[in-house]
Each structure stands twice: as structure tokens, then as C-alpha cells.
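Observations on chain architecture
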Amino acid sequence: MTPYNRRAAATECTATTMWMPTKSKRNTLLICCFLLAIQFHLTSAATGTKRGIPKCLSASVVKPFGWQYADPPSAGVVTVQQPPANITLEYDAWSSANLTGYVAAMLLQDVMGVNVTLMEYPGSGGSYPRVATGQVQANVEIWPASKITLYNQYITQQGIVEDLGMVGYTAKISWYINTAIATQYPNIIFDSYKSFTQQNVLNLLPPVGTAALARNADGSFMCTPANGYAYCGTDGYFTPPQCQGALRSQCREFWHPDPSYSAGENEQRIITLGLKLVVVYVGYDQFQTLFAACAGQSTYACLGYWWMPEVLPSAYALTTVNLPPYSSTCYSSFSASAVGQAGNSLVCDFTTELLMKTGQASMRSWAPHVPTFLRLLSFRDIDMTNMLADYARTGSVASDSACRWLQANQNVWTPWIPKPPANYIRYLESISSSDGLAIAVSTLTALVLCGVVVLIGLMFKHIKHPAVVYQAPPFLLVIAGGVAMVALGIGLESAAPGASSCAARTWLLSLGMCTVLASILIKTGRIYLIFGNKHQARRLNLRTSRLMPFVGAIVAIDAVLLAIWQAVAQPQSVMIDVTATSFTYVCGMNGSSSAEVIAVITIVYHGLLMLVAVGLGFRVRNVATQYNESKYIGMASYNILLVRECACPSGRPPDP
């Protein structure tokens, strides 16, 4: 129904056939136009037509609203804002809705940073189902008078569509006549329907057959019984009883853009009021062309059906024809399915429409700022009149006219922009190398590593001392290595979280603790076998070199669990809130339930190692002093348990 698409289709067809012979050109042109028309009809009716949204407002204009381009509290501070909402905005294929749609889309996109898809549909009849199902999230101009049933169904009863309030400007369907003819004949009244029962007035209108009938994509007339309009004739006209047969020559043309607009209403009015008018369905595009040409001359009159706000009444001198005043009682006698039948009547005017906006009710939960903005969106009549005049004057490009209006009327649309929530834009609180916490962690790590180096040095210095020999230096070296790994893992806490650092921290903490636990377990197990189970000890080779592979096997199991965990969990940095306006990054994982299972298995594995070590330590508590480490094993196991619960070396991330 939009004029632009059909013109583009016609241009494409003509260009395709320029090089062909005349006969082939004509046939191919007809086929091409037919196919393009079908394609356009199906596409626009079912899915609508996507429209581009050019950038209109500069950063300097939109920055004060706080939705975009926010400055950090100090130089170098990283900022992040909530992911922008993604919405589809609908407008319908007439000028006022077109302009309102672009204004809303540009403000959402340029000022509030919303990702907007703008869709044009041929009419708002299917808008309620589209909004209800999420095909679109909002419609910026609904004519409610003919959609009361849909309003009750989707808004009042089901609550899945939200009433976002009035658009602001009013709308009115009317009959229009060119003002120039009234000026030319000042003694004739043209602004009353009664005038069109008088032959001297009718004679100024075009005879029936002057304007060409529009046709559908299949070549049929728009208004025929076969197309669902029983009151029309097979010739494509609506001819009332007072104009049939020989009386037709006394009747004149009433121009109508499309029989689906206010279906049956104008036809029944003409019958009930006894007007000598034959309805000619000229199509949306041709109607505007015919009326624009008619408005610029005073030789003949033209009478037709159109509406405000629209380009024609805003840009051209047209006079409204007064019909009997609207009343609900009047409309209660009318049925669109019984036009021309006995008992069906319609004598009154169209009602003034208080245009409204609708939105998907669920938007309140995932993009509350969008319906808040749409509810505040409200134009004055003068705003739409000015946009329509610009639209007609500068080439009928809605996006350009909407942008010029926005740039010239910031004082009007500023109150429509809601304030962003406190946490919409947040600032990164990261640990730098100069922070006290980072210094403390680094110092602790350095002290532990230095302590490990010193202890290893002392051990080698006194390697022959009986006290050192009794403690099995190879096991002590392995334990020292595990402690160093844990210290390095703790030191990585002050590093910036990332996939590599998060994985390294988990591996170092887990393998380090497992190495310490495995060494203590095997070492204590040997003491138990020697002093608590002498018969078994005689049959076993309990040399350190034979026991060390068991330590390696225990650690290898832990490494396998860690490798599986890393493959499933995919450790990474995750963002968590610190305050309402700040955030930081910590190590986390992808939230896979399988990763949680592997983490629990690793925790249980470490716990079993620790419990066995504690149990063996208890069993050897009465061994001679030079071999008795049960007290220290118990203390070490307790400390490991404490660190275990605090640091979670299996890689379970902190809750974001």
C-alpha cells in the first residue's frame, strides 16, 4: 500500500524491458509487474517491510541525557553499560504513522542506545496479534475506534498487550472537496453533503468513467463481489440504487483510495443519504495524484474520502464536507456485511479518533525504559502538521522530515526521555599493582616462596643430619614444590582475570594441594606399615624411590580431573557488581552443570586424600618422636581444609 514500493517495482520492470522488441517488451513488462506486485503484496502483508533508520542526532546533543557517551569518573577508568535492548517498532503505511515511527525510532536509537528494527505494515488491522506474539514490540499509531474488540481481547482480558497512552494528535476521516472550486463559485455551498443532491453542484464533478479504476496484482478490479465486496459490481464500481440504469448519467464520481478502508461505510452513507454519487476506487497512489492536481485548479470539483493528519489536507487547499454529526446510535444501525440491504443505514459522520500506542506487556520486565519512553511520547497537532508540510514540500522522505523536526524541536521531545537507571552505566573497580590488597597478596606470595627456598636450602645443608634423614628428603622436596605451586596460585589472585590466568590459578592451587596431600599420605602410610603392620612391611619394598610413583599417580588423577574440568567449564572472566554504579571481573566458568559435577568430584577426591592422611596420622601417633609427625600432619590437614573451603582449588567459581 505504500506508494514508494510500487513505484520502485514499476521502475525495475521498465528498466528490465528497455532492450526488448515492442511485443516482447509489453508481455514481459506485464509478467514482471505482476510478479513484483504479488511479491510486494505477500511480503508487506505478512511480514512487513524493513526500513532503515539513519543517524540523526549528534553525540553532543544526546550525551546530557546520560544514556550514551558517559564520561568515566577519572581518566583511564573503564566503563560498561547494560546490553542495549533489541526491539522491533511498527508503523503503518500512511504519512502520520510513518513520521511518528521514525521520530520514535531515532530517539530510541540515537539518544537511548536501543537497537531498533523499523517495520512498515500496510495497515494496523493485524497489529494487536503482531504485538501480542512478539513479532513486533510496539505500534506508534493505532486508530482505536474500529478495534474495540481487539483492545478488549489483548489488553483488558489477556493483558499481553499494554496500552501506552495517546499519541497526542487527533485523527479524523472526512469527505473533502477542493477549496478552489468553492472560491470560484462563492454562491454555492460545497461544505454540506446536501449540496450533492443538487444537479448544478453535481455537474461540476467529473462524470462517471473519468478516473481510471485501480486494479489488483492479478488484474482484477479492487472492488468486486469476487474480492469479497458484495455491494460492488463486476465493473469495479459501487453504484447506488439512485444511480443505476438510465439514472447513471445524472450521477458523478466519488473518489475512494481502497475499498478496504472503512469498508462499506461510504457506500452505505451514499445510499441512506440519497446522494447521486458513484464510488470510483482509484487506488492509494492515484488518489493522491488526482486530488493534488484537482486542488490546484478551479475548473472542476473533486469529492473524495481521506483523513487527517495526512499530507493532502496539510499541503493542499481542501475543504471538509460536513455530514450529520457522529453518534454511537447512528453506527449501531450499520453493518459492513449488509451494505445496501433493507434495515441497514448510516447517515452520520466519522468519529474523531484519539490515536493510541500499544506495546508488548512483557517489555516491562526486560526493557522497561522502552515502554516508559513510548508512554511519554506525545505530539501536539501542530507538530504533526509541521512535519507533514515538510514531508510534502521536500520530497516525501519521512526519515528526513522526522530528523529535521527532531533537530528543530529538542524542547518538545526532551521530556519524553526517561532517566537511565543508576546501574545502566557502571565503572570498573580493578585491583592495580599499587593497591593495598595487591601489595599484600604479592608480599605474602613472595614470603612463602622465599620460605620454601630457604627451607630447601637448609634441608640440603643438613642433608646428613638424622632428623632430616628420618623425614625422607625426597618427600620434603615434593611437599615444598606443592607449597610453592599453591603460593603461585594465590599470587595470581591479584592478576587481571582472563581465560589463561583463571585456568592457571586453578591448576596451581589444585595440583599444589594434591601434591602436598599425596606426599603426606604416602609418607605417613609408610610409617604406618613399618610400625603398625610389621609383617606386611617385611614383604613390601618401602624405599622412597619405590613409593614416589604412587605420589605421581595420585597427582596424575587430579590432573586428569582438571583437564576434563577445563574442557567442560571453559574458565573465563565474569563480571559481578560491586555497587550500583561499579563492577569488577572475577574468575568464573560457563555455568555448565557438567563442570559443576567435575568440580564436586575433585573436591571429594581431595577430601578423601585428606581424611586418609588424618586417619593414618592418628594411627601412628604413638610412634617414636623422631618419626612421629601425627601432630603436624593433623595441623597441616586442618589448614589444608581451611584453605580448601576458602580458595576452592578445584576451580568452582565464586557466585556472580
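Since the model is a prediction, treat every value here as computed from it, not as a measurement. Throughout, residues of each chain are indexed from 1 in the direction in which the sequence is written. Thresholds applied to this predicted model are a pLDDT of at least 70 for local features of residues and 80 or more for the giving and counting of side-chain atom pairs; totals over whole chains, interfaces and linings are not thresholded and use all residues. Where side-chain values are given, they derive from all heavy atoms of the structure, hydrogens and water being excluded.

So, about the overall build of the protein chain. By definition, any uninterrupted DSSP run of H or I lasting at least four residues is a helix, any uninterrupted run of E lasting at least two residues is a strand, and each is numbered from the N terminus. Counting its regular elements, the protein chain contains 25 helices and 14 strands. Within the protein chain, contacts between residues at least 6 apart in sequence are counted, and of these 76% link residues at least 24 apart. Here the Shrake-Rupley method, with its probe set to 1.4 Å, supplies the accessible areas, and only the displayed protein chains count as covering residues. Accessible area for the protein chain stands at about 30600 Å²; split by element, carbon and sulfur atoms hold 61% of it. Contact definition: two residues touch when any of their heavy atoms are within 4.5 Å.

Glancing now at the pattern of salt bridges. Salt bridges, as used here, are contacts in which a Lys or Arg side-chain nitrogen is within 4 Å of a carboxyl oxygen on Asp or Glu. This structure, assessed with the given rule, holds ten salt bridges. As a salt-bridge pair, Asp390 and Arg393 come within 3.4 Å of each other at their nearest N and O atoms. Here Arg393 and Asp390 lie together in helix H15 (residues 381-393), a separation of three residues that amounts to about one turn. What emerges from the salt-bridge pattern is a single network uniting Glu162, Arg364 and Arg375.

Before going further, it helps to spend a moment on the packing of aromatic side chains. The rule is short: rings of Phe, Tyr and Trp, with Trp giving its six-membered ring, pair when the centres are within 6.5 Å, and they are stacked under 30 degrees, edge-to-face over 60, tilted in between. All chains considered together, the criterion is met by 21 aromatic pairs. Judged by centre distance (5.7 Å) and plane angle (70°), the ring pair of Tyr261 and Trp307 falls under edge-to-face. A residue pair is termed long-range when its members are at least 10 positions apart, and Tyr261 in the loop between strand S7 (252-256) and helix H9 (265-273) and Trp307 in strand S9 (residues 303-308) qualify at 46 residues. The pair Tyr261 / Trp307 is uniform in exposure class, with both members buried. Among the aromatic residues, those joined into a ring-pair cluster are Trp255, Tyr261, Tyr284, Phe287, Phe291, Tyr305, Trp306, Trp307 and Phe350. A cation over an aromatic ring shows up here: Arg130 above the ring of Tyr121, its NZ or CZ 3.8 Å from the ring centre. The ring of Phe350 has Arg269 sitting right over it, with the charged end atom 3.8 Å from the ring centre. Per-residue accessibility, obtained with a 1.4 Å probe over protein chains only, is compared with the maximum for each type, and a residue is labelled buried under 20%, exposed over 50%, and partly exposed between these values. For a lysine, the NZ atom is tested; for an arginine, the CZ atom; a charge sits over a ring if that atom is within 6 Å of the ring centre and within 35 degrees of the ring normal.

Let us now look at the pairing of strand S5 (residues 138-142). With five of five residues buried, S5 is to be regarded as a mostly interior element. Pairing between strands is defined by DSSP: at least two bridges between them are needed. When strand S3 (residues 86-92) meets S5, the two strands line up parallel, connected through two bridges. Counterpart to Leu89 in the pairing with S5 is Ala138.

Next up on the list: the nonpolar core. To qualify as a nonpolar core, a set must consist of buried Ala, Val, Leu, Ile, Met, Phe, Trp, Tyr and Cys residues joined through side-chain atoms within 4.5 Å. One finds Leu107, Trp175, Phe373, Trp413 and Trp416 to be the most contacted residues of the largest nonpolar core, which totals 113 residues. Counting residues per element, this core draws most heavily on helix H4 (residues 95-111), which supplies ten residues. Among all residues touching Trp416, those that are not within four sequence positions of it are Val103, Leu107, Phe373, Leu376, Leu377, Ser378, Phe379 and Trp405. Ala472, Ala518, Leu547 and Val620 belong to the second largest nonpolar core, which has 23 residues in total.

The buried count for strand S8 (residues 277-281) comes to five of five residues, which makes it a mostly enclosed element. Sheet topology places S7 next to S8; five bridges connect them, and they run parallel. Of the residues in S8, the one forming a bridge with Phe254 is Val279. Handedness is read with the strands pointing away from the viewer; a crossover is right-handed when the path from the first strand over the helix to the second is clockwise. The β-α-β motif built from S7, the intervening H9 and the parallel element S8 has right-handed crossover chirality.

As a further point, take a nonpolar patch on the surface. Note that patches include only residues with greater than 30% relative accessible area and no salt bridge, and the join distances are 9 Å for like charges and 5 Å for nonpolar side chains (Val, Leu, Ile, Met, Phe, Trp, Tyr). On the surface, Val600, Val604, Leu608 and Leu611 cluster together to form a nonpolar patch covering roughly 370 Å² of accessible area. Assignment of secondary structure puts Val604 in helix H24 (residues 593-619). Since its relative accessible area comes to 45%, Val604 is described here as partly exposed.

When we look at burial in helix H14 (residues 369-376), the residues that qualify are His369, Val370, Pro371, Phe373 and Leu374. In the core, the buried residues of H14 are packed alongside S3, H4, S5, strand S6 (161-178), strand S11 (352-360) and helix H13 (363-366).

Time to look at the confidence of the model for the protein chain. Confidence scores per residue from the predictor, reported as pLDDT, run from 0 to 100. Model confidence for the protein chain is summarised by a mean pLDDT of 82, while 83% of its residues fall at 70 or above. A low-confidence stretch, residues 1-45 (pLDDT under 50), is modelled with 47 contacts involving residues beyond four sequence positions or located in other chains. In this model residues 647-656 is a low-confidence stretch, pLDDT under 50, and it forms 28 contacts with partners more than four residues away in sequence or in other chains.

Here, disulfide denotes a covalent bond that connects the sulfur atoms of two cysteines. Disulfides are defined as pairs of cysteine sulfur atoms found within 2.5 Å of each other. Scanning the entire structure with this criterion turns up six disulfides. Shown here is the disulfide that connects Cys56 with Cys403, its sulfur atoms set 2.1 Å apart. With the S-S dihedral at roughly 95°, the linkage between Cys56 and Cys403 falls on the right-handed side. Residue Cys56 is located in the loop between strand S1 (49-51) and helix H3 (59-62), and its partner Cys403 is located in helix H16 (residues 398-408); the two are separated by 347 residues in the primary sequence. The class of Cys403 is buried, set by a relative accessible area of 12%. What links to what in the protein chain: the bonded cysteines, counted in sequence order, pair as 1-10, 2-3, 4-5, 6-7, 8-9, 11-12.

Before going further, it helps to examine the packing of H15 against H16. Relative to each other, H15 and H16 sit at 135°, their axes nearing to 9 Å. The angle between H15 and H16 falls in the class oblique. Seen from above, H15 lies across H16 with right-handed handedness. Of the residues in H16, those touching H15 at Asp383, Met387, Asp390 and Tyr391 are Ala398, Ser401, Ala402, Arg404 and Trp405. Fitted lines through C-alpha atoms serve as axes, helices being fitted only where they are in contact, and the angles separating the N-to-C directions of these axes extend from 0 to 180 degrees. We call two directions roughly parallel when the angle between them is under 35 degrees, roughly antiparallel when it is over 145, roughly perpendicular when it lies between 65 and 115, and oblique otherwise. By the definition used in this description, the sense in which the near helix is turned from the far one sets the handedness, with an anticlockwise turn below a right angle giving left-handed and a clockwise turn giving right-handed.

Multiplying 1.5 Å by the residue count of a helix minus one yields the expected span of that helix. Helix length check: helix H10 (residues 284-295), at twelve residues, gives a terminal C-alpha distance of 17 Å against a target of 16 Å (1.5 Å per residue), a fit within 8%. Listing the buried residues of H10 in full gives Tyr284, Asp285, Phe287, Gln288, Phe291, Cys294 and Ala295.

Here we come to the side chain of Glu353. Mapped onto the fold, Glu353 is located in strand S11. His is not counted, nor are the chain ends; Lys and Arg add positive charge and Asp and Glu add negative charge. One buried charge, Glu353, has no salt-bridge partner; the nearest side chain with opposite charge is Lys147, at 6.9 Å. Those residues in contact with Glu353 that lie beyond four places of it in its chain are Trp143, Pro144, Ala145, Thr170 and Ala171.

Here we come to the packing of helix H23 (residues 544-569) against H24. Geometry of a packed helix pair, given as the angle between the helix axes and the separation of the axes. Orientation of H23 relative to H24, taken along the N-to-C sense of each, is 160°, at an axis distance of 8 Å. On the basis of their axis angle, the class for H23 and H24 is roughly antiparallel. As H23 runs across H24, the sense of the crossing is left-handed. From H23, Ile554, Ile557, Asp558, Leu561, Ile564, Trp565, Val568 and Ala569 reach across to H24, where they touch Ser594, Ala595, Ile598, Ala599, Ile601, Thr602, Tyr605, His606 and Leu609. When residues are grouped by polarity, Ala, Val, Leu, Ile, Met, Phe, Trp, Tyr, Cys and Pro land in nonpolar, Asp, Glu, Lys and Arg in charged, and all others, Gly among them, in polar. Per-class residue counts for the contact of H23 with H24 are 13 nonpolar, three polar and one charged.

With respect to the element layout, Tyr176 can be found in strand S6. In contact with Tyr176, other than residues within four places in its own chain, are Phe291, Cys302, Leu303, Gly304, Trp306, Trp307, Met308, Pro313, Leu318, Thr319, Thr320 and Val321.

Another aspect to go through is the side chain of Ser95. Positionally, Ser95 belongs in helix H4. Setting aside its immediate chain neighbours within four residues, Ser95 contacts Tyr284, Glu310, Val311, Leu388 and Tyr391.

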